[in-house]
Amino acid sequence: MQTVATFSPAVGAASWAWLMVAIPLCSAAVLLVGGRATNKWGHWLGVVASWASFAVGVAVIVQLANLPAQARAIDLVLYQWANLGAGVDPIQVGMLLDPLSMTFVMLVTFVGSLIHVYAVAYMEHDEARRRFFAYLNIFIAAMLTLVLADSYVLLFFGWEGVGLASYLLIGFWNQVPEYATAAKKAFIMNRVGDMGLLLAMMAMFFFVGSFSYQKVLAEGALTGSAATIVGIFLLVGACGKSAQFPLQAWLGDAMAGPTPVSALIHAATMVTAGVYLMVRSGVVYVATPTAQLLVAIVGAITLMFGAIVGCAKDDMKKVLAASTMSQIGYMMLGAGLGPIGWAFAILHLVGHGFFKALMFLGAGSVMHGMNDQVNMRRFGALSKAMKVTWVTFMMGWLAILGVPPFTGFFTKDPIIESAFIAGSFGTTGAWIFGLVAMVGAGITAFYMSRLFFMTFHGKSRWTMEADGHAVHPHESGPLMTVPMIILAVFAVGFGIAVGPTGWFQTWLAPVTGMHEHGEPVLPELAITGITLALVILGAVMAWMQYGRREVPITAPSASALVVAARNDLYQDAVNENLFMHPGIALTKGVTVADKSGIDGIVEGLGKGSLGLGGVIRTIQNGQIRAYAGFIAGGALIALVSVLATLV
């Protein structure tokens, strides 16, 4: 069972943890208020601010690691924000420093800081580079607020902050209408998910009378239907932020932003927030098997959805986006498996952060050397011209495939194995979720190998579609390649360091607990062997089709499924027909009713009053004889009326 430890007061380095959020926020303020005066050095201020947050995080995590396991939950209360009256807990602004939150801090600040360094070179020629780094700092600060919050209220502030930062960064080049539209799409779809989180918080307050983790996540605080209601609403919030089915349509369009933004969103910040929310709120799902099953179903659907879409895309960044959707699906599946999957979901999240950031930065390096092209059908043989990018990207490719001893083997395979355990959803559920996770690994191997071979191997297809001029691929400079090399080391070494030892699960145990997994419905060796066989098969199929054969520079005609995958399985069409068009029709109907009904009544009353006024105006003619006649007529009518009542 997940536990919520008794919080200890903050002392030592932990008492300065608020600086992790304050430093990048202050940096962003300086860059935005300072304006053009900061253009020459503003980007370096953003880089230093991010690394400073990392340094503070290291000091805090060292302090935390030196405490006994049962004491690794430090509450840093900053101030009381709102007093809600007698009998109700006040809302305080505070930070929870425990193994789960600090794991995210290390991922966000370390990977995020490497992305900052990379962006110095990537955005070198952009006139608004200073503003770009301000937005990056806001993104880091918002994500840290989200994961360090000690209540759902403060978490919601961070939740909205990453939504705002993503809108600003996805639409950073908003002079291009398509990019501005992509930013609005991400923003609006995330508002749908945010409504789910708000409703969950309202339900928490109704049932528990508090927003704090200590009260809401206490054992027995939410049970039965109350837990189901809160759990389902939390899942809606997670689906929006983590691009899970059915709120995943924004993720591919989010590639409109500069590539460092894509790396930050997909590896260290925004899309990981939903997984954090599920694991942090795990005790709620233990109390509601229905909501827990929904989490697993959403994860299973999304991991297959993203994998299928990734097989048909020719845009390098959109393949990686579909891959993120699928890999977050694995994490959601792990979180939905209950206590046996929580630690593995976070383990894969951290490993994925390293190798997915590496591959996005590799994609940016390719774009840098190919005049910003993203169409893989116009690449090929780039391994000869971009050797550092090729080798480092290869490390990320092997890691996501789950080839031993690379990180993905030690982070994704435990989720697949856990899915085959009957403890959560019985034998039938174990077979369904296990096979979905296993087949998803094979499809992942195919589409990621397709990307790798189309980009770096085969014959060169280096002609720009736009103007017909030849391109001259070249390796990126040190500011871009060094972060990639560092991430490549982690893509190889992180899994080896923590996978076989079980150290990571022990580290998270104060939050997730330690759990006996039980025996899966298939022997562990069989699960590993079959999964590896599917991975090898997928990679070989991709090599046969895209490594050995000549790749056509235009997409050939294909089956209905491939066409559907090229169109994101028509997710936009579904959303438009189910929600947008009915919404537009409803709006038009209300507008017509307003004009014809309400406005018609008001205008009719006005015209009637004018008509009555016109009649009265003709009577008021100033002639005494006419007035006397009206009086006599009125008296006659009154007399007749009285006599009629007497008869």
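Model, not experiment: these values are computed from the prediction. (Residues numbered from 1 in each chain as written. Predicted model: local features only at pLDDT ≥ 70, side-chain atom pairs only at ≥ 80, totals over all residues. Heavy atoms only, no water.)

J.: So what about a nonpolar patch on the surface? Which residues, and what values?
T.: Taken together, the side chains of Trp 16, Trp 18, Leu 78, Tyr 79, Trp 81 and Phe 157 make up a nonpolar region of the molecular surface, amounting to roughly 680 Å² of accessible area. Ranked by the residues each element gives to the nonpolar patch, the list is headed by strand E2 (residues 74-82), at three residues. One can find Leu 78 in strand E2. (Patch = residues over 30% accessible without salt bridge, like charges linked within 9 Å, V, L, I, M, F, W, Y side chains within 5 Å. Areas by Shrake-Rupley, 256 points an atom, 1.4 Å probe, with all protein chains shown as cover. Salt bridge = Lys/Arg side-chain N within 4 Å of Asp/Glu carboxyl O. Helix = DSSP H or I, 4+ residues; strand = E, 2+ residues; numbered from the N terminus.)

J.: Describe the side chain of Thr 109, naming the residues involved and giving the relevant values.
T.: Relative to the helices and strands, Thr 109 resides in helix H3 (residues 99-122). At 2.7 Å, the side chain of Thr 109 and the backbone oxygen of Val 105 are in polar contact. Beyond its immediate sequence surroundings of up to four residues, Thr 109 is in contact with Ser 50, Ser 53, Phe 54 and Leu 144. (Polar contact = N/O pair within 3.5 Å; in protein donor to acceptor, adjacent residues only side chain to side chain. Contact = heavy atoms within 4.5 Å.)

J.: How would you summarise the pattern of salt bridges if you had to cite specific residues and measurements?
T.: Overall, the coordinates contain nine salt bridges when judged by the stated rule. With a shortest N-O distance of 2.8 Å, Arg 280 and Asp 98 are connected by a salt bridge. Taken together, the residues span a long stretch of sequence, with Arg 280 in helix H11 (residues 273-280) and Asp 98 in the loop between strand E3 (91-97) and H3 at a distance of 182 residues. Taken individually, Arg 280 and Asp 98 each receive the classification buried, so the pair is uniform in this respect. A salt bridge links Arg 191 to Asp 194; the shortest N-O distance between them is 2.3 Å. Here Arg 191 pairs with Asp 194, and both are found in helix H6 (residues 177-208), just three residues apart, close to one helical turn. One salt-bridge network, held together by shared partners, links Glu 160, Arg 191, Asp 194 and Lys 241. (Buried < 20%, exposed > 50% of the residue type's maximum accessible area, 1.4 Å probe, protein only.)

J.: Tell me about the side chain of Gln 248, and name the residues and values.
T.: Following the sequence through the fold, Gln 248 ends up in the loop between helix H8 (224-241) and helix H9 (250-253). Judged by relative accessible area, Gln 248 falls into the buried class, the value being 4%. If we skip the residues at most four places from it in the chain, Gln 248 touches Ala 243, Phe 305, Met 325 and Gln 571.

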